[in-house]
Amino acid sequence: MVRIPFIAANWKMNKTVDQAMNFTEHFLPEVKDAADVDIVICAPYTLLVLLGAQFKDTNVDLGAQNMYWEEKGAYTGEIAPDMLTDIGCTYVILGHSERRTLFHESDEEVNCKVQVALQHGLKPIVCVGEDLTEREEGKTSEKVSRQVRAAFKDIDAKEVLNCVVAYEPIWAIGTGKSASPQDANAVIQSIRQNLADIYEHEIAGQIRILYGGSVKPENIASLMAFEDIDGALVGGASLDWEKFAALVENK
Ligand code: PEP
């Protein structure tokens, strides 16, 4: 089963309009001929309208970093799924560890968001990963398996094919300390096995599973050399257009 490499930027809470314009002015021409790779930029809400217009008819897709599960109404400060599709979002990151930790998102809430995103035609990038204590206590598989099972509860096989999973060990995010490609691949294999247990091997074999955590142009190729690592979710190194373009190039 051939899985097309997937390289996604998570800009987090970074970039003004001018900074984003400067990025795309250089980045879009630089990657316009990149073949056999899905490129996604998940930007802050304030930039999505602008980037949606810029990415139209390009090989770069737009993603949000979160959404709420309600359709509309009295939810001050929240963003609904239709608001995202309306302005050209294809993807939405759900369950990022920063959302889970800083904003107390539960497994159940992540599952609810995954269901609603799919109902509205958005493709979730579902993040899972263990913290340092869990890793040191040998609880990585247990944690990740629990998060995967919870996130995909009541999602059927046809729908799960529209999802991407990102394995992001929390201790590797923004620390400069990446998981070794061997370790990342082993956890990703266990995630694929979890998906095979829920669905079946044939389905699990089609789902892209990314690694995230201090990915840089210098280490992307060694990660992608492993069969089960289908791409990367990139924070810090995605903020610089040259680095992110190099990442796409070196994948
Ligand atoms: C992330 O936040 O999804 C991430 C992987 O960040 P970084 O690349 O900076 O470690």
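These remarks concern the structure in this document.

How each quantity is defined
Residues numbered from 1 in each chain as written. Predicted model: local features only at pLDDT ≥ 70, side-chain atom pairs only at ≥ 80, totals over all residues. Heavy atoms only, no water. Salt bridge = Lys/Arg side-chain N within 4 Å of Asp/Glu carboxyl O. Buried < 20%, exposed > 50% of the residue type's maximum accessible area, 1.4 Å probe, protein only. 1 Å grid on protein atoms, 1.4 Å probe; cavity = no way out; pocket = protein on both sides within 12 Å on 5 of 7 lines; lining within 4 Å. Points joined across faces, edges and corners; volume = space filled by probe spheres on them. Helix = DSSP H or I, 4+ residues; strand = E, 2+ residues; numbered from the N terminus. Nonpolar A, V, L, I, M, F, W, Y, C, P; charged D, E, K, R; others polar.

Here we come to the pattern of salt bridges. For the coordinates displayed, the defined rule picks out 16 salt bridges. Between R135 and E130 there is a salt bridge; the shortest N-O distance is 2.8 Å. Between K139 and E137 there is a salt bridge, with the nearest N and O atoms lying 3.1 Å from each other. Overall, E137 belongs to the partly exposed group, its relative accessible area being 49%. Connected through salt bridges with shared partners, the residues R3, R192, D228 and D230 form a single ionic network.

Let us now look at the layout of surface pockets. Reported here for the largest pocket is a volume of approximately 430 Å³. What lines the largest pocket is a set of 14 residues, among which K12, M13, Q65, R99 and F103 lie closest to the centre. When residues in the lining of the largest pocket are grouped by element, the largest group, 3 residues, is from helix α4 (residues 97–102). Considered class by class, the residues forming the lining of the largest pocket number 7 nonpolar, 4 polar and 3 charged. One number sums up the size of the second largest pocket: a volume of about 270 Å³. Along the walls of the second largest pocket sit 23 residues, with G174, S214, V234, G235 and G236 positioned nearest its centre. Here the lining of the second largest pocket is built from residues that sort into 8 nonpolar, 11 polar and 4 charged.

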